[in-house]
Amino acid sequence: MSSNAVRRTALGFQGGQVLSLRLPEEVLTSLRTTLKEGKERWVEVEASDGAVLVDVGQVVYLRVESDEHRIGF
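Now for a description of the structure that goes with this document. (Residues numbered from 1 in each chain as written. Predicted model: local features only at pLDDT ≥ 70, side-chain atom pairs only at ≥ 80, totals over all residues. Heavy atoms only, no water.)

## Brief notes about the sheet that holds strand 2 (residues 18–24)
Strand pairing within a sheet occurs via backbone hydrogen bonds; the two strands may be parallel or antiparallel.
And step 1. Overall, antiparallel pairing links the 3 strands, which are arranged 2-1-5 in an open sheet. The sheet is open, and its two borders are formed by strand 2 and strand 5 (59–64), each paired with just one other strand. Shown here is a sheet whose adjacent strand axes are inclined to one another by a mean of 25°, direction ignored.
And step 2. When strand 1 (residues 6–13) meets strand 5, the two strands line up antiparallel, connected through 5 bridges. Counted as the bridge partner of Ala 10 is Arg 63 from strand 5.
And step 3. Its contacts with the sheet put helix 1 (residues 25–37) on strand 1, strand 2 and strand 5, and the angle it makes with strand 2 is roughly 130°. (Pairing = 2+ DSSP bridges. Helix = DSSP H or I, 4+ residues; strand = E, 2+ residues; numbered from the N terminus. Axes fitted to C-alpha atoms, helices over the stretch in contact; angles between N-to-C directions. Contact = heavy atoms within 4.5 Å.)

In short, shape yes, function no, at least from these values alone.
Structure (structure tokens):
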């Protein structure tokens, strides 16, 4: 994966809301670390299409799409 590649991700929140983001790999790595450690409450996430301030205490899952290329519907 190139250094400027982005990964399609989804943050799931309590209550069922889902936030879809396209994150550079280094931002995704930082977000994963923040979620695992649980030391911070709010974190600003720099997505490819803008910044989002996230309450990590409300996140119930982080889904990252594989970088496999698929053909079909």
